[in-house]
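Spelled out, the chains give:
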Amino acid sequence: MAEAARSWWARAILIGTVVAVVLLLLGPIGTRLGIWGFQTGLLMLIPAGTLLAAVGLLVGLVALFVSRKRGFTGDGPILLTSVLVCALVVGLMFLQASRGFSLPQIHNISTDVNDPPQFDAIVALRGEGTNPLDYDREKLASVQQQAYPAVKTLRLETDRATAVGRVVDALTAMGLEIVAVDADAGIIEATATTFWFGFKDDVVVRVRDDSAGGVKVDARSVSRVGLSDLGANAARIEALLGRLRTG
């Protein structure tokens, strides 16, 4: 009787672990395929999978302790596998959550906080229910500059046409889709799509002649949905500026 109860317990924990992993995978996959919105995938399925994994971790540890104490070792590999998978899930989600809490809850990043580059062609693509494109300097500037001090205007010793070409090449190499290029105005617009959820972040780069010679390059990256971008927009701009410096 004890053996049957033990086996049922181990199988239940294993099933719970599998369900947790499936929920974590369904969240981003279903969102990317358009089966449900990001609220369902990110705010429901991901937390549900994480919670189930946390429960599986705690119950699995108790099950391991009880089985060893009572001398039941037949389900040891199943329980150990479940505990390790749940621990991995909980650990990864904890690191992600910690990163989210350590970064400001913003998703609109610009190198020029006083005169941020403006979107044009991309406006029509964002659709209803997306984040506004207005850059609220009073709310964003100081927070952004404190969190991401490397996000600032880049000066290049080249002409505007060459700089525009380098920007297009850099964005393309980074995997962004070029939406529009106005070489005369020095404006390049592009869209980035995240791997897992398929979230879209829009980017506009402005190239202006510098009175001191060369050009000034400013970039702006804005998420279409969500409150916090977990630093993705700032990282994208920094990566772009880094490519332009070395390119």
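The structure we're discussing is the one just above.
Per-chain numbering applies: the sequence of each chain, read as written, is numbered from 1 onward. Under the rules for a predicted model, residues below a pLDDT of 70 receive no local features and side-chain atom pairs below 80 are neither given nor counted, while totals for whole chains, interfaces and linings still include all residues. Excluded from the side-chain calculation are hydrogens and water; included are all heavy atoms of the structure.

Caption draft 1: Just the pairing of strand 3 (residues 177-182), in detail. Here a strand pair is declared whenever DSSP counts at least two bridges between the two strands. The secondary structure listing takes helices from DSSP runs of H or I that are at least 4 residues long and strands from runs of E that are at least 2 residues long, numbered from the N terminus. Sheet topology note: the strand 3/strand 4 (residues 187-193) ladder contains 5 bridges and is antiparallel. Paired with Ile178 across the bridge in strand 4 is Ala190. Between strand 3 and strand 4, which pair antiparallel one after the other, the connecting turn spans 4 residues, and Gly186 there sits at a positive phi close to 75°.

Caption draft 2: Representation of the packing of helix 6 (residues 160-173) against helix 7 (residues 232-246) within the structure. All axes here are fitted lines through C-alpha atoms, helices being fitted over the stretch that makes contact, and every angle between N-to-C directions spans 0 to 180 degrees. Two elements in contact, helix 6 and helix 7, have axes separated by 10 Å at closest approach and are oriented at 130°. Considered as vectors, helix 6 and helix 7 are oriented oblique to each other. As helix 6 packs across helix 7, the resulting crossing turns out to be right-handed. Judged by residue contacts, Arg166, Val167, Ala170, Leu171 and Ala173 of helix 6 engage Leu240, Arg243 and Leu244 from helix 7. Of the residues that constitute the contact of helix 6 with helix 7, the class distribution is 6 nonpolar, no polar and 2 charged. Under this scheme an angle from 65 to 115 degrees is roughly perpendicular, one under 35 degrees roughly parallel, and one over 145 degrees roughly antiparallel; angles in between are oblique. What makes a crossing left-handed is the near helix being turned counterclockwise from the far one by less than a right angle; a clockwise turn instead makes it right-handed. Contact between two residues is taken to exist if any of their heavy atoms lie within 4.5 Å; hydrogens are not considered. All residues other than Ala, Val, Leu, Ile, Met, Phe, Trp, Tyr, Cys, Pro, Asp, Glu, Lys and Arg, Gly among them, are scored as polar; the first ten of these are nonpolar and the last four charged.

Caption draft 3: A look at the side chain of Ser110. Among the structural elements, Ser110 can be located in strand 1 (residues 108-110). Assessed through its relative accessible area of 0%, Ser110 is described here as buried. Once you skip the residues sitting within four places of it in the chain, Ser110 turns out to touch Pro116, Pro117, Tyr135, Gln144, Val151, Ala219 and Arg220. The rule is simple: take the accessible area with a 1.4 Å probe, protein chains only, and divide by the maximum for that residue type; under 20% is buried, over 50% is exposed, in between is partly exposed.

Caption draft 4: Structural context of the nonpolar core. Val167, Leu171, Val205, Val207, Val217 and Leu244 are the most contacted members of the largest nonpolar core, which totals 31 residues. Those elements that place two or more of their residues in this core are helix 5 (137-147), strand 2 (154-156), helix 6, strand 4, strand 5 (200-209), strand 6 (215-223) and helix 7. Residues in contact with Val207, not counting those within four places in the same chain, are Arg160, Ala163, Val164, Val167, Ala185, Gly186, Ile188, Val215, Lys216 and Val217. The term nonpolar core refers to a set of buried residues drawn from Ala, Val, Leu, Ile, Met, Phe, Trp, Tyr and Cys, joined through side-chain atoms within 4.5 Å. Core analysis: the second largest hydrophobic core is formed by 16 residues, Ala10, Phe38, Ala53 and Phe199 among them.

As far as function goes, none of this settles anything; it's purely spatial.
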